[in-house]
Amino acid sequence: MQVYGMDPELVEIYNIRNLESIKIWDLVTPSPSKMIVMPTILIVYDGGKVLNLCCKDKYYDVYVKKVMEVYQDEKNNIVEDALTDPFRLRSTILIDERSLSILESGELKRKNEVYGFYDGKDSYNQSLCFQRDEVRPFIPVLIYHLEKLFSLTDRVVSIDSELSGYRDNYILNGRVDGIDTIFPFTYEKVSSDEYVFHIAGMLGKSEPIKVKIEFANDGIIVTMTVDKNELVATSKMSVTNGVVKSVFDVERKGLTICYTNEDLEGIPLDNKNLADLDYDTKLEWFKLPWGALYGIDTSIDELSETEKMIGIDSMYIQISDNCFMKKEFYSKTYKRNKTVAVDANDMVLDQVDKTTIGFSVDPDDHVFVIETSFDDSTSNYKASGKNFYHAIESKSGIEGIKRENLVSLGRKEELIHKSDLVNKSKILMLVRGE
């Protein structure tokens, strides 16, 4: 048997503790057109060990977040004991003023709120949900963008929302030029924030359309690609100065044939029960063209004339029949001003990436199961990489799903298999405490 271990450098990063000093400095390198500034973090820790990584190093993102985590945990600790420092000459982490201002501004204040609801609850390393429940909330996104793309052609395509299929292969029904047609498609989850669909039947049996959906802390990008026609359509919803911009750009053979750019109007939130499902939120809300909701809150802290800290909280909510999906991002990013002579790299100091899906497990839509997942690639907190489950009985459907009525599901309730999540009798028994 061959055992594969973790990269030694990654093991070293995960074992950072007992910080002695931290210095954030700029590594400046020349390029043909301008100077490039790369943020670098130098630490001394655990009895004199040293790490010094810049933004071009392999595990830099993990390194930054680990340093942030350990710093927040240890900044008020005494790092020397009675044997190594009997006179208490050094009782705090050595850090210069500039590095201190960056680290303190980079702290994710909402961390405890985001994770607090899940403290002490059972979790699973793997999802217990069926893939179909993950796919369903994407159907409105697919329908809107595909129909919009074909509105620019001489072919009339309409798509129904009913979904059938399982395990990577699904079918939607619809019409092409008035003729009933099936649209088979495949589904791939590349990561917790990137999803790829290949949809056939709209351009003939052998020519699929690739649709890629990407989520980020400051926006959503949907890209449609038709290789045969050398056609690429990009729909981007992005946060700019506290406003959500909707940009639609279509290129054929590298030339733009359609371009729109508009600001979305703010709206009052009618689904606060979902937004505040596990903690209280304060976001500005916008309605996306396919009916989803997008909430944002941004902040800018000026650290100096050339440096700033950008904070972004964003939330995406898609409600579709008897299911919903919620994507949440919270991040603090250190930025230097870019000039004609200097190009600078950003540094993400802290980030949370959370996905919640909820779905009905009975035909009357009165009993719901909710999965909440934290992406382990963006944070080192205890909940990262974990999946948490709750259930609720709601006679008013999704509108009646509220935090105070959620019942945690876990191992002590013998929730072990995927099939348990769609067993209405068992879920209802657990919700009612029977």
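A brief look at the structure comes next.

Calculation rules
- Residues numbered from 1 in each chain as written.
- Predicted model: local features only at pLDDT ≥ 70, side-chain atom pairs only at ≥ 80, totals over all residues.
- Heavy atoms only, no water.
- Pairing = 2+ DSSP bridges.
- Helix = DSSP H or I, 4+ residues; strand = E, 2+ residues; numbered from the N terminus.
- Contact = heavy atoms within 4.5 Å.
- Axes fitted to C-alpha atoms, helices over the stretch in contact; angles between N-to-C directions.
- Salt bridge = Lys/Arg side-chain N within 4 Å of Asp/Glu carboxyl O.
- Buried < 20%, exposed > 50% of the residue type's maximum accessible area, 1.4 Å probe, protein only.
- Disulfide = S-S within 2.5 Å.
- Phe/Tyr/Trp six-rings, centres within 6.5 Å; stacked < 30°, edge-to-face > 60°.
- Lys NZ or Arg CZ within 6 Å of the ring centre and 35° of its normal.
- Parallel < 35°, antiparallel > 145°, perpendicular 65-115°, else oblique.
- Nonpolar A, V, L, I, M, F, W, Y, C, P; charged D, E, K, R; others polar.

### Here we look at the pairing of strand E1 (residues 19-30)
Thought 1: Relative to strand E2 (residues 35-45), E1 runs antiparallel, the two being bridged by eleven bridges. Paired with lysine 23 across the two strands is leucine 42, which belongs to E2.
Thought 2: What sits between the antiparallel neighbours E1 and E2 is a turn of four residues.

### What about the sheet that holds strand E14 (residues 266-267)?
Thought 1: Read across the sheet, nine strands follow the order E14-E15-E16-E17-E18-E20-E21-E22-E23 without closing on themselves; strand pairing throughout is antiparallel. Here the strands that pair on one side only, and so sit at the sheet edges, are E14 and strand E23 (407-409).
Thought 2: Where E14 lies against strand E15 (residues 284-287), two bridges are found, and the strand directions are antiparallel. Opposite isoleucine 267, over in E15, you have tryptophan 285 as the bridge partner.
Thought 3: Against the sheet, helix H8 (residues 424-432) makes contact with strand E21 (367-374), strand E22 (387-393) and E23, and its axis sits at roughly 80° relative to E22, the strand it touches most.

### Details of the pattern of salt bridges
Thought 1: Scanning the entire structure with this criterion turns up 24 salt bridges.
Thought 2: Between aspartate 280 and arginine 403 there is a salt bridge whose closest N-O contact spans 2.7 Å. Placement of aspartate 280 in the loop between helix H7 (272-275) and E15 and of arginine 403 in the loop between E22 and E23 is noted, with a sequence separation of 123 residues between them.
Thought 3: For arginine 403, a relative accessible area of 28% translates into the label partly exposed.
Thought 4: What you see here is one network of salt bridges that share partners, running through Asp26, Arg98, Glu307 and Arg336.

### Overview of the environment of isoleucine 296
Thought 1: With respect to the helices, strands and loops of the structure, isoleucine 296 is situated in strand E16 (residues 293-302).
Thought 2: According to the relative accessible area criterion, isoleucine 296 is buried, its value standing at 3%.
Thought 3: Apart from residues no more than four positions distant in its own chain, isoleucine 296 is found in contact with Val239, Gly242, Val243, Val244, Leu283, Glu284, Phe286, Asp313 and Ser314.

### Focus on the state of the cysteines
Thought 1: Here the structure, examined in full by the defined rule, presents zero disulfides.
Thought 2: No disulfide involves cysteine 54; its nearest neighbouring cysteine sulfur is the one of cysteine 55, lying 5.2 Å away.

### Observations regarding H8
Thought 1: For H8, the complete set of buried residues consists of Lys426, Ile427, Leu428, Leu430 and Val431.
Thought 2: Close packing links the buried residues of H8 with E21, E22 and E23.
Thought 3: Residue glycine 433 follows H8 closely and has a positive phi angle near 70°.

### Some words on the sheet that holds strand E13 (residues 255-263)
Thought 1: Spatially, the nine strands line up as an open sheet ordered E5-E6-E7-E8-E9-E10-E11-E12-E13, and their pairing is antiparallel. The strands lining the two open edges of the sheet, one partner per strand, are strand E5 (157-166) and E13. Put simply, the sheet's adjacent strands are angled 20° from each other on average, direction ignored.
Thought 2: Both strand E7 (residues 179-191) and strand E8 (residues 194-199) contribute to a ladder of six bridges, which runs antiparallel. Looking at E8, one finds that phenylalanine 185 is bridged to isoleucine 199.
Thought 3: The strands that helix H6 (residues 139-150) touches are E5, strand E6 (169-176), E7, E8, strand E9 (209-216), strand E10 (219-226), strand E11 (231-240) and strand E12 (243-252); relative to E5, the one it contacts most, it runs at about 145°.

### Concerning unusual backbone geometry
Phi is mostly negative for residues that are not glycine, and the peptide bonds are mostly trans.
Thought 1: At arginine 167, a position not held by glycine, the phi torsion is positive, near 45°.
Thought 2: At aspartate 168, a residue that is not glycine, the phi angle is positive and equals roughly 80°.
Thought 3: Tracing the sequence through the fold places aspartate 168 in the loop between E5 and E6.
Thought 4: Owing to a relative accessible area of 39%, aspartate 168 belongs among the partly exposed residues under this scheme.

### Digging into the packing of aromatic side chains
Thought 1: Evaluated as defined, the whole model comprises 17 aromatic pairs.
Thought 2: For the pair tyrosine 187 and tyrosine 195, a centre-to-centre distance of 6.4 Å together with 20° between the ring planes defines the contact as stacked.
Thought 3: For the ring pair tyrosine 279 and tyrosine 330, a centre distance of 6.1 Å and an interplane angle of 65° mean the geometry is edge-to-face. With tyrosine 279 in the loop between H7 and E15 and tyrosine 330 in strand E18 (residues 323-336), this residue pair connects regions lying 51 residues apart in the sequence. Tyrosine 330 shares its class with tyrosine 279; the two are buried.
Thought 4: One aromatic cluster in this structure is built from Phe138, Tyr170, Phe185, Tyr187, Tyr195, Phe197, Phe215 and Tyr316.
Thought 5: The residue whose ring lies beneath lysine 121 is phenylalanine 117, and the NZ or CZ to ring-centre distance is 3.5 Å.

### What to know about the packing of helix H2 (residues 60-74) against helix H3 (residues 97-106)
Thought 1: Across the interface, H2 lies against H3 with an axial gap of 11 Å and an inter-helix angle of 90°. As far as their axial angle goes, H3 and H2 are roughly perpendicular. Listed contacts from H3 to Met68, Tyr71 and Gln72 of H2 are Leu100, Leu103, Glu104 and Gly106.
Thought 2: Tallied by class, residues from the contact of H2 with H3 come to four nonpolar, two polar and one charged.

### So, the environment of leucine 293
Thought 1: Mapped onto the secondary structure, leucine 293 falls in strand E16.
Thought 2: Separated by 119 residues in the primary sequence, leucine 293 and glycine 174 place their C-alpha atoms 26 Å from one another.
Thought 3: Residue contacts for leucine 293: discarding those within four places in its chain leaves Ile267, Leu269, Asn271, Trp285, Phe286, Lys287, Met315, Tyr316 and Ile317.

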